[in-house]
Amino acid sequence: PNSDCVMAEQLCLSDSTCNATYRTLENCALAKTRLLSLDHNRRVRCLNAELDLGNSSLLHCKCHRRMRRQEHCLRVFWTVHSSMTDGYFNLETSPYENPANEEHWKTDYQKLAALVSGKNCSQLAGDATNPCLRATHVCNLSKKCFRLRTDYASICTKGAGSEDMCDRRKCQRGLRNFFEKVPEDFTKRILFCPCQDEFCGERRRKTIVPDCSFQYNTKPNCLWLLDSCLEDHICKSRLADFQQNCQPVDMSPDGCSLHNHAACLQAYMGMIGTPMTPNYVSNSSVEVSLWCTCENSGNQKEKCDQILSMFESNKCL
């Protein structure tokens, strides 16, 4: 059975043989992080160390999306699976446990929605035609949803529209905090609210305060965006999760290899607040994209297009 990587690490470190093997893998992972080229002998030593773990719980450990020591857990996972990052973002296995059943994050959303509908109509003008506005009002009735939404909004709007630059890292951390700590019943409705007009669509597009969390002054190359992601344990893990759960298949009736759209949407939400944050491209459609371009990619154009198409042309998503 899969165990928590933090607990698996503690078990391993208490055993002298496993401890020595794990320390070897830590050095291998550190060398990769610093982009140091490993000679043949060191590469063999790294691969042997991974094989030596055998049936260790470290080899099969996973992380939970909402756990307290998530970054530590993910560092342990990628230490053990560092060989998986060879070559072009070949992240075949997600470090996260299987997607939770949608019922798992059951909340009193329906009760809150009833409270909203019982309020004075003038207070909620536009709710009938603007599901995004309604979803926001329902969020405001939950103390946690309101507090965390207010937190990231205030961080991400600071410096916007002036000569000051916003603090993108802090903004993205606030977004991750919101999507990790608020029950999905609220976050999904805010992010995926169905719109019939452009006013609603614009509100949906601005959910993540894109001026700070999403857009740069000029679009960077998508390969640069990927490199930034792979240097970050959380982003790399969310990308692996997205690749696993949103893998498109042309021959499949629903376009998904795992036939689980809920898991794909959950993985998509996980990308928000990372260096590869996606967003809606306009206020009149549900098309999404990364904020990057494949112009001037030279002989890596095909690789770059593949990164962009994971979001722009993904039938599963």
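Refer to the preceding data block for the structure.
This section reports on the structure supplied with the text.

Conventions we followed
- Residues numbered from 1 in each chain as written.
- Predicted model: local features only at pLDDT ≥ 70, side-chain atom pairs only at ≥ 80, totals over all residues.
- Heavy atoms only, no water.
- Helix = DSSP H or I, 4+ residues; strand = E, 2+ residues; numbered from the N terminus.
- Buried < 20%, exposed > 50% of the residue type's maximum accessible area, 1.4 Å probe, protein only.
- Contact = heavy atoms within 4.5 Å.
- Disulfide = S-S within 2.5 Å.
- Patch = residues over 30% accessible without salt bridge, like charges linked within 9 Å, V, L, I, M, F, W, Y side chains within 5 Å.
- Areas by Shrake-Rupley, 256 points an atom, 1.4 Å probe, with all protein chains shown as cover.
- Salt bridge = Lys/Arg side-chain N within 4 Å of Asp/Glu carboxyl O.
- Lys, Arg positive; Asp, Glu negative; His and termini not counted.
- Charge placed at Lys NZ, Arg CZ, Asp CG, Glu CD.
- Axes fitted to C-alpha atoms, helices over the stretch in contact; angles between N-to-C directions.
- Parallel < 35°, antiparallel > 145°, perpendicular 65-115°, else oblique.
- Left-handed = near helix turned anticlockwise from the far one by under 90°.
- Nonpolar A, V, L, I, M, F, W, Y, C, P; charged D, E, K, R; others polar.

1. Focus: the overall build of the protein
Thought 1: A count of helical and extended segments in the protein gives 15 helices and 2 strands.
Thought 2: Counting the 317 residues in the protein, one finds 46% classified as buried.
Thought 3: Sequence-distant contacts, at least 24 apart, represent 70% of the contacts inside the protein between residues at least 6 apart.

2. Some details on unusual backbone geometry
Thought 1: Located in the positive-phi region is Val 209, a residue other than glycine, with phi close to 50°.
Thought 2: For Val 209, the position within the fold is in the loop between helix H10 (198-205) and helix H11 (210-213).
Thought 3: Residues other than glycine seldom take positive phi values, yet Asn 296 does so here, at roughly 60°.
Thought 4: Along the polypeptide, Asn 296 turns up in the loop between strand E2 (288-290) and helix H15 (301-312).

3. Notes on the side chain of His 81
Thought 1: When you line up the elements, His 81 lands in the loop between helix H4 (70-80) and helix H5 (109-117).
Thought 2: Residue classification places His 81 among the buried positions, given a relative accessible area of 11%.
Thought 3: The residues contacting His 81, other than those within four sequence positions of it, are Glu 50 and Leu 59.

4. Quick look at the state of the cysteines
Cysteine pairs can be linked by a disulfide, which is a covalent bond between their two sulfur atoms.
Thought 1: Enumeration according to the criterion identifies 14 disulfides in this entry.
Thought 2: With a sulfur-sulfur separation of 2.0 Å, Cys 12 is cross-linked through a disulfide to Cys 18. Taking the torsion about the S-S bond as the criterion, the Cys 12 to Cys 18 disulfide, at about -105°, is left-handed. An identical accessibility class is assigned to Cys 12 and Cys 18; each is buried.
Thought 3: The partner cysteine of Cys 294 in its disulfide is Cys 304, sulfur to sulfur 2.2 Å. Between Cys 294 and Cys 304, the S-S torsion sits near -95°, and that sign places the bridge as left-handed. In this pair, Cys 294 is assigned in the loop between E2 and H15 and Cys 304 in helix H15, connecting sequence segments 10 residues apart.
Thought 4: We classify Cys 304 as buried; its relative accessible area is 0%.

5. What to know about a positive patch on the surface
Thought 1: On the surface, Arg 68, Lys 144, Arg 147 and Lys 181 cluster together into a patch of positive charge.
Thought 2: Along the polypeptide, Arg 147 turns up in helix H7 (residues 143-157).

6. Let's talk about H4
Thought 1: Of all the 11 residues making up H4, 8 are buried; the element is thus mostly covered by neighbouring parts of the structure.
Thought 2: Of the positions making up H4, those classed as buried are Gln 70, Cys 73, Leu 74, Val 76, Phe 77, Trp 78, Thr 79 and Val 80.

7. Comments concerning the packing of H4 against helix H13 (residues 233-245)
Between two packed helices, what matters for the description is the angle formed by their axes and the separation of those axes.
Thought 1: Relative to each other, H4 and H13 sit at 70°, their axes nearing to 9 Å. In this view, H4 runs roughly perpendicular relative to H13, as classed from their interaxial angle. Crossing of H4 against H13: the hand is left-handed. Each of Gln 70, Glu 71, Leu 74, Arg 75 and Trp 78 in H4 lies in contact with H13, whose residues at this interface are His 233, Ile 234, Lys 236, Ser 237, Arg 238 and Ala 240.
Thought 2: Across the contact of H4 with H13, the residue classes break down as 4 nonpolar, 3 polar and 4 charged.

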